[in-house]
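Geometric and topological summary
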Amino acid sequence: MNITTEQIFDNARTHNVFTPQPVPEATLRQLYDLMKWGPTSANCSPARIVFVSSPAAKERLVACMGPGNADKTRAAPVTAIIGMDMAFFDKLPQLFPHADAKSWFVGKPEHIATTAMRNSSLQGGYFIIAARSLGLDCGPMSGFDNARVDAEFFAGTAVKSNFVCNLGHGDASKLFPRSPRLSFEEACTLL
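Every value quoted in this text rests on a predicted model; they were computed, and no experiment measured them.

**Some details on the packing of helix H3 (residues 55-62) against helix H7 (residues 146-153)**
- Contact geometry of H3 with H7 gives a least axis separation of 9 Å together with a crossing angle of 150°. Taken together, H3 and H7 sit at an angle that is classed as roughly antiparallel. Contacts between H3 and H7 involve Ala57, Arg60 and Leu61 on the former and, on the latter, Val149, Glu152 and Phe153.
- In terms of residue class, the contact of H3 with H7 is built from four nonpolar, no polar and two charged.

Laid out in structure tokens, this is it:
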């Protein structure tokens, strides 16, 4: 696999319109198997992903989306719900076996919430990079009712939604002009 920075960053764009070309389950598995290797604090790996592609599941998700995101979510071949397991620390004996890392979190809800959000967001970034490296285009977004998504897709679990990401093969003819980014001088400080 010859992956370039152009494919992942320079030429990659956020897509709102996708072609009808499907995304096979094997590709979704490959995507996860790449993104899971990205580092998280204490290897806590709180991200949990629901891949929504069936028409029935799509309609359940579309009902939770904001008005500007409903149609593009319905039309995307797959939408990934990136969640965060608020009981991620239960897996730490398996994921971080050389220390009693679970004890760092038990009974500390603020520490759990901060760690879950930070690290599931970090894993979401790895998710997008992995998807792009496999030739998929992404449309990450907020703009949905988190409580409704949680009730529809994570009921009975300790998982809460973080963001959603449409996946597929983008229609480049429907892209907006590329938005500017801050320069190094505007965003960075050298000390």
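**With respect to the pairing of strand S2 (residues 78-85)**
- Burial runs high along S2: eight of the eight residues are buried.
- The alternating pattern of S2 places Val78, Ala80, Ile82 and Met84 and Thr79, Ile81, Gly83 and Asp85 on opposite faces, both of which are buried.
- With six bridges joining them, strand S1 (residues 47-52) and S2 adopt antiparallel strand pairing. Note that in S2 the partner of Ile49 across the bridge is Ile82.
- Taken together, the eight bridges between S2 and strand S4 (residues 159-168) define a ladder with antiparallel strand orientation. In the sheet register, Val78 faces S4, and the bridge partner there is Leu167.

**Section: unusual backbone geometry**
- Phi is positive for Asn43, close to 55°, though the residue is something other than glycine.
- Positionally, Asn43 belongs in the loop between helix H2 (25-35) and S1.
- Since its relative accessible area comes to 30%, Asn43 is described here as partly exposed.
- Look at Ser45: it is not a glycine, yet its phi comes out positive at around 45°.
- Looking at the element boundaries, Ser45 is found in the loop between H2 and S1.
- The class of Ser45 is buried, set by a relative accessible area of 15%.

**A word on H7**
- Those residues of H7 lying buried are Val149, Asp150 and Phe153. Along the axis of H7, the buried positions cluster into a sector of 100°, meaning they face one direction only. Residues of H7 that are exposed and point more than 90 degrees away from the buried face comprise Ala147 and Ala151.
- Those residues of H7 that are buried lie in contact with S1, H3, S2 and S4.
- The N-cap residue of H7 is Asp145: its side-chain oxygen and the backbone nitrogen of Ala147 are 3.1 Å apart.

**Things to note about the pairing of S4**
- Most of S4 sits out of view: nine of its 10 residues are buried.
- Pairing analysis gives five bridges linking strand S3 (residues 137-141) to S4, with the strands arranged antiparallel. Its bridge partner being in S4, Met141 is matched across the sheet by Val164.

**A few points about the pattern of salt bridges**
- Enumeration according to the criterion identifies seven salt bridges in this entry.
- Ionic pairing is found between Asp33 and Lys36, a salt bridge with its closest N-O pair at 3.3 Å.
- Asp33 gets classed as partly exposed once you look at its relative accessible area, which sits at 38%.
- The residue Asp90 makes a salt bridge to Lys102 at a minimum N-O spacing of 3.3 Å. Taken as a pair, Asp90 in the loop between S2 and helix H5 (92-95) and Lys102 in the loop between H5 and helix H6 (109-133) lie far apart in primary sequence, 12 residues in all.
- The class for Asp90 is partly exposed, based on a relative accessible area of 44%.
- Looking at Lys102, the relative accessible area reads 29%, which means it is partly exposed.
- Each member of the salt-bridge network shares a partner with another, and the members are Glu59, Asp71 and Arg74.

What counts, and where the lines are drawn
Residues numbered from 1 in each chain as written. Predicted model: local features only at pLDDT ≥ 70, side-chain atom pairs only at ≥ 80, totals over all residues. Heavy atoms only, no water. Axes fitted to C-alpha atoms, helices over the stretch in contact; angles between N-to-C directions. Helix = DSSP H or I, 4+ residues; strand = E, 2+ residues; numbered from the N terminus. Parallel < 35°, antiparallel > 145°, perpendicular 65-115°, else oblique. Contact = heavy atoms within 4.5 Å. Nonpolar A, V, L, I, M, F, W, Y, C, P; charged D, E, K, R; others polar. Buried < 20%, exposed > 50% of the residue type's maximum accessible area, 1.4 Å probe, protein only. Pairing = 2+ DSSP bridges. Arc of directions from axis to C-beta. Polar contact = N/O pair within 3.5 Å; in protein donor to acceptor, adjacent residues only side chain to side chain. Salt bridge = Lys/Arg side-chain N within 4 Å of Asp/Glu carboxyl O.

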